[in-house]
Amino acid sequence: MIMRIPFFLFISAVVLKAQTPDLEKYIEVRSGSLPIILTVPHGGTLKPSNVLARRYGVTGMDANTIQLSEMIIEELEKRYGGRPHAIISRLHRTKLDPNREIKEAAQGDPTAEAAWRRFHDGATAACASVMKKHGMGLLLDIHGHRHLDQRVELGYLVKADMLKRSDAELNADAALIASTSIRDLDKRSPQSFAELLRGPQSLGGLLENRGGFRCLPCPSKPNPGLLAGYFSGVYDVAAHGSRNGGTVSAIQVECPWHNVRERPEDQRRFAIALADSLGVYFEIHFGRKLK
Ligand SMILES: [Zn+2]
């Protein structure tokens, strides 16, 4: 018995040492100084043979979202003198989907499970750091979609059929507001919940006005309508936004291919518009300057 405990610890140490360098390569965790956190779960291309392929769920990657996020980080730093926190999965989605609960995300593979924990522990720590330093903040979960209607889809955990309601109906639904990833921001913002979602100074409104990017929701497109697809947000914004408490709110940013992810010049133009928009967004809704 006396011999077994040190042996177990020894084995654990060896396993941990063997896993750590790979995990750092699979999940990049960068700390920042701005009250902004970027999570990038689906842009990775690594397919290590020691991680089992996922057997069910979505496995298509969000091409160019890491390159796009790097430009967003650069443009934020240029304007506001600091970097956002960033958590980036470099594993291909066939190996890990951080934007799902661990069972579907890793499907039992121990290395994928450890990578999933590193991703979410990194996001949790980034949120804690932002709350400690700034009191409040915003997490953007960066994705890419291939819907026919090429718009930047902003997800707040408000489903498409809910967006079909009137502004007055949305503003009156306290239970709905409390179930969104911007629950805390709604309390801080001087604007109504519906304005936060699709007013001229919502993130969609700002991106459309400042950068000419077609968005959803936004003033000119308050809901998806009958045929268009729309992603309202999944695990990352639910786990790390303010739905369950805390003062970091979260928005899923689903980027179309054309005009946003396709070419480096598109990525740059979008990164500039997003960085500019966030400065205005923080002043209006969070009541503070980013710089
Ligand atoms: Zn995605």
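Criteria and cut-off values
Residues numbered from 1 in each chain as written. Predicted model: local features only at pLDDT ≥ 70, side-chain atom pairs only at ≥ 80, totals over all residues. Heavy atoms only, no water. Axes fitted to C-alpha atoms, helices over the stretch in contact; angles between N-to-C directions. Helix = DSSP H or I, 4+ residues; strand = E, 2+ residues; numbered from the N terminus. Parallel < 35°, antiparallel > 145°, perpendicular 65-115°, else oblique. Left-handed = near helix turned anticlockwise from the far one by under 90°. Contact = heavy atoms within 4.5 Å. Nonpolar A, V, L, I, M, F, W, Y, C, P; charged D, E, K, R; others polar. Expected span 1.5 Å × (residues − 1). Buried < 20%, exposed > 50% of the residue type's maximum accessible area, 1.4 Å probe, protein only. 1 Å grid on protein atoms, 1.4 Å probe; cavity = no way out; pocket = protein on both sides within 12 Å on 5 of 7 lines; lining within 4 Å. Points joined across faces, edges and corners; volume = space filled by probe spheres on them. Phe/Tyr/Trp six-rings, centres within 6.5 Å; stacked < 30°, edge-to-face > 60°. Lys NZ or Arg CZ within 6 Å of the ring centre and 35° of its normal.

Asks: For the packing of helix H2 (residues 65-80) against helix H13 (residues 264-286), give the residues involved together with the corresponding values.
Replies: Interaxial distance between H2 and H13 falls to 8 Å at its minimum, and their mutual angle equals 45 degrees. Relative to H13, H2 is oriented oblique. In the crossing of H2 with H13, the sense of the turn from one axis to the other is right-handed. Across from Gln 67, Leu 68, Met 71, Ile 72, Glu 74, Glu 75, Leu 76, Lys 78, Arg 79 and Tyr 80 in H2, the residues of H13 making contact are Pro 264, Gln 267, Arg 268, Phe 270, Ala 271, Ile 272, Leu 274, Ala 275, Asp 276, Leu 278 and Gly 279. For the contact of H2 with H13, a count of residues per class yields 12 nonpolar, 3 polar and 6 charged.

Asks: If you had to explain H2 to someone new, which residues and values would you point to?
Replies: Compared with an ideal rise of 1.5 Å per residue, which puts 16 residues at 22 Å, H2 spans 22 Å between its outermost C-alpha atoms and is within 8% of the ideal. The complete set of buried residues in H2 reads Thr 65, Ile 66, Leu 68, Ser 69, Met 71, Ile 72, Ile 73, Glu 75, Leu 76 and Tyr 80. Count one or two residues on from H2 and you reach Gly 81, which has phi positive near 70 degrees.

Asks: Please set out the environment of Thr 59 residue by residue, giving values where relevant.
Replies: Note on placement: Thr 59 falls in the loop between strand S2 (36-40) and H2. According to the relative accessible area criterion, Thr 59 is partly exposed, its value standing at 30%.

Asks: Tell me about the layout of surface pockets, and please be specific about residues and values.
Replies: In this structure, the largest pocket encloses a volume near 240 Å³. Lining of the largest pocket is provided by 18 residues; of these, Asp 62, Arg 93, Gly 144, Phe 231 and Glu 254 occupy positions nearest its centre. Secondary-structure elements contributing two or more residues to the lining of the largest pocket are strand S4 (137-144) and strand S7 (248-255). For the lining of the largest pocket, a count of residues per class yields 5 nonpolar, 7 polar and 6 charged.

Asks: Talk me through the packing of aromatic side chains; I want residue IDs and the actual numbers.
Replies: Overall, the coordinates contain 4 aromatic pairs when judged by the stated rule. Taking the centre distance of 5.1 Å and the plane angle of 90 degrees together, the rings of Phe 213 and Phe 270 count as edge-to-face. Here Phe 270 lies in helix H13 and Phe 213 lies in the loop between helix H10 (203-211) and strand S6 (215-216), a separation of 57 residues in the sequence. Of the two residues, Phe 213 and Phe 270, both sit in the buried class. Aromatic ring contacts, followed pair by pair, group Tyr 281, Phe 282 and Phe 286 into a single cluster. The lysine or arginine in question, Arg 146, covers the ring of Trp 257, its NZ or CZ lying 4.6 Å from the ring centre.

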